[in-house]
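# Coordinates in review
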Amino acid sequence: MKILTLFAALSLAAVTPALADGHKTPSAEGTSVYFIGLADGDTIESPVTVRFGLSGMGVAPAGTEAENTGHHHLLINRAPFGEGEEDELEYGIPADDNHIHFGGGQTEYVLELPPGEHTLQLVLGDLNHVAHADPIMSEQITVTVAE
Ligand SMILES: [Cu+2]
């Protein structure tokens with residue numbers, strides 16, 4: 001019986017290494033990413049300059065291998081990160097109209113949105129556009145663009 005249990009444990013380990021966070025980039029404890037001057041429930045005018053705040057780590061361009069750094073991603077009108085595509089926390093942040101990468105190390109962006117409600121969220125990505133082992137994400141906020 002003991003042998004069977006050990007075998008089961010080993011099989012599980014063989015199937016799940018991609019889901020373990022051992023291969024992911026560590027982050028500094030207590031790091032937070034947040035919107036500067038923009039809060040949940042705000043009514044804004046488009047275009048709006050969205051400013052990205054980061055406390056506890058540094059911003060570095062994509063591809064830069066430096067401890068405790070990352071680059072910003074702005075997620076627009078989608079589920080909170082980690083609740084969308086399966087394994088998106090493990091395999092990286094998509095690049096499309098709903099996911100804007102700031103691989104140059106930018107810390108603000110002039111965003112154009114049509115009138116109505118929109119959700120925004122910031123996610124820090126590592127050099128390979130993958131969320132850190134302990135993901136650094138802002139709250140998802142909802143803003144309303146005035147007519
Ligand atoms: Cu990226």
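Notes on the structure in this doc start here. (Residues numbered from 1 in each chain as written. Predicted model: local features only at pLDDT ≥ 70, side-chain atom pairs only at ≥ 80, totals over all residues. Heavy atoms only, no water.)

Let us look at the nonpolar core. Residues Phe35, Leu38, Val50, Leu74, Ile76, Leu111 and Leu120 are the most contacted members of the largest nonpolar core, which totals 23 residues. Among the elements that line this core, the one with the most residues is strand S3 (residues 48–55), at four residues. The contacts of Leu111, once residues within four sequence positions are left out, are Ser46, Pro47, Val48, Val50, Leu74, Ile76 and Leu120. Core analysis: the next-biggest nonpolar cluster, separate from the first, contains five residues, Leu75, Phe81, Ile93 and Val123 among them. (Core = buried A, V, L, I, M, F, W, Y, C linked by side-chain atoms within 4.5 Å. Buried < 20%, exposed > 50% of the residue type's maximum accessible area, 1.4 Å probe, protein only. Helix = DSSP H or I, 4+ residues; strand = E, 2+ residues; numbered from the N terminus. Contact = heavy atoms within 4.5 Å.)

Take the sheet that holds S3 next. Here we have three strands laid out as an open sheet, ordered S1-S3-S7, and antiparallel in their pairing. Looking at which strands have only one partner, the edges of the open sheet turn out to be strand S1 (32–36) and strand S7 (108–111). The sheet shows a mean angle of 25° between the axes of neighbouring strands, taken without regard to direction. One ladder, built from four bridges, connects S3 with S7; its direction is antiparallel. When the sheet's bridge partners are listed, Thr49 is paired in S7 with Val110. (Pairing = 2+ DSSP bridges. Axes fitted to C-alpha atoms, helices over the stretch in contact; angles between N-to-C directions.)

This part is about the coordination of the copper ion. Any two of four tetrahedral donors ideally make an angle of 109.5 degrees at the metal, while pairs among six octahedral donors ideally make 90 or 180 degrees. Taken together, His71 (NE2), His73 (NE2), His101 (ND1) and His129 (ND1) make up the protein donors of the copper ion, found 2.0 to 2.1 Å from the metal. We note that the donor set of the copper ion lies within a single chain, spaced as H-x1-H-x27-H-x27-H. Here the residue His73 occupies a position in strand S5 (residues 69–76), and His129 occupies one in the loop between strand S8 (116–125) and strand S9 (141–145), the gap between them amounting to 56 residues. (Donors = N, O, S within 2.8 Å, 3.2 Å for Na, K, Ca; no water.)

A separate point is the pattern of salt bridges. The final tally for this structure, using the stated rule, is two salt bridges. Arg51 is paired through a salt bridge with Glu108; the nearest N and O atoms lie 3.3 Å apart. Taken as a pair, Arg51 in strand S3 and Glu108 in strand S7 lie far apart in primary sequence, 57 residues in all. Between Arg78 and Glu88 there is a salt bridge, with its nearest N and O atoms 2.8 Å apart. Placement of the pair is Arg78 in the loop between S5 and helix H2 (88–91) and Glu88 in helix H2, with a sequence separation of 10 residues. Residue Arg78 is classed as buried on the basis of its relative accessible area, which comes to 16%. Owing to a relative accessible area of 4%, Glu88 belongs among the buried residues under this scheme. (Salt bridge = Lys/Arg side-chain N within 4 Å of Asp/Glu carboxyl O.)

In this section: the environment of Ile36. Turning to its location among the elements, Ile36 is positioned in strand S1. In sequence terms Ile36 and Glu108 are 72 residues apart; their C-alpha atoms lie 9.5 Å from each other. With residues near it in sequence (within four places) discarded, Ile36 still touches Arg51, Phe52 and Gly53.

In this structure the tally under the stated criterion is two aromatic pairs. Ring-pair connections join several aromatic residues into one group, and the members of that group are Phe52, Phe102 and Tyr109. (Phe/Tyr/Trp six-rings, centres within 6.5 Å; stacked < 30°, edge-to-face > 60°.)

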